[in-house]
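For reference, the chains in residue letters:
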Amino acid sequence: MIRIGARISFFFIVPALLLAGVTSAQAQVAGFSQVRDAAPGKFFDAATSAPSAANGNQLNIGLNTGSDPLTFVSNEFRASTQSFTNRMADDTISFVVTAPAGFYVASLTYIQVGTASTARTAQQNGNSQWTVAGFPAVIGEYAGNPTVTGVVDLTPLQPSSVPVSITVSLFAGPTGDITITSASVVADIKPLVAPRDGTVGGGIPQGAPGGGVNNPAPPPPAVDDAGNRGRGRDEDEARRGNEGNGRGQGGRESGRGSGR
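Everything in this summary refers to the structure shown in the same document. Please read these numbers as outputs of a predicted model, since none were measured by experiment.

Definitions and cut-offs
Residues numbered from 1 in each chain as written. Predicted model: local features only at pLDDT ≥ 70, side-chain atom pairs only at ≥ 80, totals over all residues. Heavy atoms only, no water. Core = buried A, V, L, I, M, F, W, Y, C linked by side-chain atoms within 4.5 Å. Buried < 20%, exposed > 50% of the residue type's maximum accessible area, 1.4 Å probe, protein only. Helix = DSSP H or I, 4+ residues; strand = E, 2+ residues; numbered from the N terminus. Phe/Tyr/Trp six-rings, centres within 6.5 Å; stacked < 30°, edge-to-face > 60°. Salt bridge = Lys/Arg side-chain N within 4 Å of Asp/Glu carboxyl O. Pairing = 2+ DSSP bridges. Axes fitted to C-alpha atoms, helices over the stretch in contact; angles between N-to-C directions. Lys, Arg positive; Asp, Glu negative; His and termini not counted. Contact = heavy atoms within 4.5 Å.

**Let's talk about the nonpolar core**
For soluble globular proteins, nonpolar side chains are generally found buried alongside one another.
Line of reasoning, step 1. The biggest cluster of nonpolar side chains holds 39 residues, and the ones touching the most others in it are Leu108, Tyr110, Trp130 and Ile166.
Line of reasoning, step 2. Mapped onto this core, the elements with two or more residues apiece are strand 4 (58-63), strand 6 (88-98), strand 7 (103-116), strand 8 (124-132), strand 9 (135-142), strand 10 (148-153), strand 11 (161-172) and strand 12 (177-191).

**Here we look at the packing of aromatic side chains**
To describe a pair of aromatic rings, you give the distance between the ring centres and the angle between the ring planes.
Line of reasoning, step 1. Enumeration according to the criterion identifies 4 aromatic pairs in this entry.
Line of reasoning, step 2. Between Phe32 and Phe95 the ring centres are 6.4 Å apart and the planes differ by 65°, which places this aromatic pair in the edge-to-face class. Separated by 63 residues along the polypeptide, Phe32 in strand 2 (residues 31-37) and Phe95 in strand 6 bring together distant segments of the chain.
Line of reasoning, step 3. With relative accessibility at 17%, the residue Phe32 sits in the buried group.
Line of reasoning, step 4. Both rings, one in Phe44 and one in Phe77, keep their centres 4.9 Å apart while their planes meet at 80°; by these two values the pair is edge-to-face. Of this pair, Phe44 sits in strand 3 (residues 44-51) while Phe77 sits in the loop between strand 4 and strand 5 (78-80), placing them 33 residues apart in sequence. Take Phe44 and Phe77: they sit in the same class, and that class is buried.
Line of reasoning, step 5. Members of the aromatic cluster, connected to one another through ring pairs, are Phe43, Phe44 and Phe77.

**Comments concerning the pattern of salt bridges**
Line of reasoning, step 1. By the definition in use, this model includes 1 salt bridge.
Line of reasoning, step 2. Among the salt bridges present, the one from Arg78 reaches Asp177, with a minimum N-O distance of 2.6 Å. Residue Arg78 is found in strand 5, and its partner Asp177 is found in strand 12; the two are separated by 99 residues along the sequence.
Line of reasoning, step 3. Look at Arg78 and you get buried, because its relative accessible area is 18%.

**Structural notes on the sheet that holds strand 8**
Line of reasoning, step 1. Here 5 strands make up an open sheet; going across it, the order is 2-6-11-8-9 and the pairing antiparallel. At either margin of the open sheet sits one strand with a lone partner, and together these are strand 2 and strand 9. When strand polarity is set aside, the average angle formed by the axes of neighbouring strands in this sheet is 15°.
Line of reasoning, step 2. Pairing analysis gives 5 bridges linking strand 2 to strand 6, with the strands arranged antiparallel.

**Observations regarding unusual backbone geometry**
Line of reasoning, step 1. Here the phi dihedral of Phe84 falls at roughly 60°; this positive angle occurs in a residue that is not glycine.
Line of reasoning, step 2. The exposed category is assigned to Phe84, whose relative accessible area is 52%.
Line of reasoning, step 3. With a phi close to 50°, Gln158 is a non-glycine residue in the positive phi region.
Line of reasoning, step 4. Inspection of the secondary structure puts Gln158 in the loop between strand 10 and strand 11.

**Here's the deal with the side chain of Asp91**
Line of reasoning, step 1. Following the sequence through the fold, Asp91 ends up in strand 6.
Line of reasoning, step 2. Buried and unpaired, Asp91 has Lys42 as its nearest opposite-charge partner, separated by 8.7 Å.
Line of reasoning, step 3. For Asp91, the contacting residues outside a window of four places in its chain are Asp37, Ala38, Ala39, Lys42, Phe43, Phe44, Phe77, Ile166, Thr167 and Val168.

Worth remembering: the numbers are spatial, not functional.
Written out as structure tokens, the structure reads:
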């Protein structure tokens, strides 16, 4: 089973993750395709979502700006009680992560950064959740700062391609204000292991050090010679019996002849 973890972070961690991604998989770059969002024109922006220039394995998720020309309501991923803002903001973005040939997607890390009002009477809440390779999980729930990080370990599956869906919902109370300022996903790419021979427990990897046999020849069938051994004993006993009878008969004949 894959492992999905989440933690809430109250500090900016993108630079450290960028450096980790650059050093671990700089030469092998994942592909991000089929990027779509559920609320076109506001909140998440699929059109401006793109890989980072510093790390090709990081997808920077676009966020809308400006306001609706008809209603003048803000398009930002923000929930607020101020004028021309949304009291509630929620959106879903989906995409597919694909590893290069000979590699698989080992893990995905979602990084969300935001701000919230610190006024004593402020009320703002939200949650972030995602579905990765068909497995849903809550990344974080917050009543304030929406900065969260989630990690999913895909090593047991070793998928070459992974569908991802991320949903974020924000709500502001009487005087609340909560905003998503950035969001991204970092893919960790690893090489596929050698194929195995298919035996129970995994078998011996093909080309493993020390040789090894991937398809050993079956052992010769066991020969059941119990019947032959039994017949041999019967024949020996019969032969010994005949030899005894012959000696006895010869002796009796000799005795009778000498008596005459």
